[in-house]
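Coordinates in review
What follows is each chain in one-letter form.
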Amino acid sequence: MNRILVTGGAGFLGSNLCARLLQNPENQVTVLDNLFTGRKSNIEPFLQNPRFRFIEGDVKQWQDIPCDQIYNAACPASPPAYQKSPTDTTKTCIFGVLNMLELAKKYNATLLQFSTSEVYGDPEVHPQVETYRGCVNPIGIRSCYDEGKRCAEALCFDYHREFGVKIKVIRIFNTYGPNMDPEDGRVVSNFIMQALRGQDLTVYGDGTQTRSFQYVDDLIEGIVRMMNDSRPDFLGPVNLGNPGEFTMLELAQKVLQHTGSQSKLVFKPLPGDDPTRRRADITVAKRELKGWEPKIALDEGLEKSIAYFRTLV
Ligand code: UDP
């Protein structure tokens, strides 16, 4: 049996990962989640599975959980969610990864760290390559997350160099799909829920800022390939994202088109330090992860996501 720990496993990404891992009868999956942004409903389908275990607990506290692989996904990831308690966000990033690195050290397990395109901040290099060191405001309203995740990467590499702990680091670009919290405040969930409810779509700033949006199944495929890559010296970081780049205005139009909604756009102030452009350079992922690349384009992914969000309206 392969003993797998997924921190943040009741969240959007974590629960999609668990569904994928449980397809393999060799895998035993333990979720550690404090349900701060994670939701019990996301793991409800697994609770009867004898190869699944849920521990309601906080990654900031030491937990001794025997394991062979650790996916460290625990952290609120939506700006309104991680800004709700910014000091707790930073603590989750840092104490969380420290506890998981200690666990990996104790059990000789491999730790895969969920890092983020936010480590690039408001980037001056476009598209973002892994060698770019980023442009992060260290004292801004996003820094609790950005700097927390940057420090977590540093800790992973230092544990590897100092103690030989097996680590892998991925940098996740904007991802969307089923199991997203409809109220989590991110742009895809906001626009779709607003369109389905006949409310105005809230565009922040003038809507010309860009993001590249990746459908969750594409991400999960990349994550699993990264974890199971057997080269001990291949640590990452590896960008995982969809290189298609869209403005928020383009996204709003697509959501209106796919939902058939008559909603209007309403413009709201741009939050502080909101990155102006973001697009994943995935050359490394394609080369190193057996030709991995996203398969689901934005239109198709939006259709699938809208079907999920419709069940929640
Ligand atoms: N955004 C928007 N309307 C919303 C929510 C977000 O226009 O209702 C914008 C936000 O300002 C940002 C982009 O959409 O420029 C992506 O925001 P999100 O919170 O989804 O992710 P992140 O900023 O972390 O990439």
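Residues numbered from 1 in each chain as written. Predicted model: local features only at pLDDT ≥ 70, side-chain atom pairs only at ≥ 80, totals over all residues. Heavy atoms only, no water.

The subject of this paragraph is the site of the ligand. Taken together, 18 residues are adjacent to the ligand, and Asn 190, Thr 202, Arg 211, Asp 274 and Arg 278 come closest. With respect to the ligand, the side chain of Arg 142 contributes an N or O atom lying 3.0 Å from an oxygen atom. In this structure, Arg 278 approaches the ligand through a side-chain N or O atom, which is 2.8 Å from an oxygen atom. For the shell around the ligand, the elements supplying multiple residues, two or more each, are helix 6 (187-197) and strand 8 (201-204). (Near = heavy atom within 4 Å. Polar contact = N/O pair within 3.5 Å; in protein donor to acceptor, adjacent residues only side chain to side chain. Helix = DSSP H or I, 4+ residues; strand = E, 2+ residues; numbered from the N terminus.)

Judged by pairing direction, the sheet is parallel, and its seven strands sit side by side in the order 3-2-1-4-5-6-11 without closing on themselves. Whereas interior strands pair on both sides, the edge strands pair on one side only; in this sheet they are strand 3 (52-56) and strand 11 (238-240). For this sheet the average axis-to-axis angle between neighbouring strands, irrespective of direction, equals 20°. Across four bridges, strand 4 (residues 69-72) lies against strand 5 (residues 110-116) in parallel orientation. Of the residues in strand 5, the one forming a bridge with Tyr 71 is Leu 112. On the sheet, helix 4 (residues 86-107) packs against strand 1 (2-7), strand 2 (27-33), strand 4, strand 5 and strand 6 (166-172) and is oriented at approximately 175° with respect to strand 4. (Pairing = 2+ DSSP bridges. Axes fitted to C-alpha atoms, helices over the stretch in contact; angles between N-to-C directions. Contact = heavy atoms within 4.5 Å.)

As a further point, take the environment of Ile 223. Along the chain, Ile 223 falls in helix 7 (residues 216-227). By relative accessible area, Ile 223 is classed as buried at 0%. With near-sequence residues (within four places) excluded, Ile 223 lies in contact with Leu 17, Tyr 71, Leu 112, Phe 114, Ile 170 and Leu 240. (Buried < 20%, exposed > 50% of the residue type's maximum accessible area, 1.4 Å probe, protein only.)

This part covers the packing of helix 6 against helix 8 (residues 248-259). Contact geometry of helix 6 with helix 8 gives a least axis separation of 10 Å together with a crossing angle of 40°. Relative to helix 8, helix 6 is oriented oblique. Classified by chirality, the crossing of helix 8 by helix 6 is right-handed. The residues of helix 8 that touch helix 6, namely those facing Val 187, Val 188, Phe 191, Ile 192, Ala 195 and Leu 196, are Met 248, Leu 251, Ala 252, Val 255 and Thr 259. When its residues are assigned to classes, the contact of helix 6 with helix 8 shows 10 nonpolar, one polar and no charged. (Parallel < 35°, antiparallel > 145°, perpendicular 65-115°, else oblique. Left-handed = near helix turned anticlockwise from the far one by under 90°. Nonpolar A, V, L, I, M, F, W, Y, C, P; charged D, E, K, R; others polar.)

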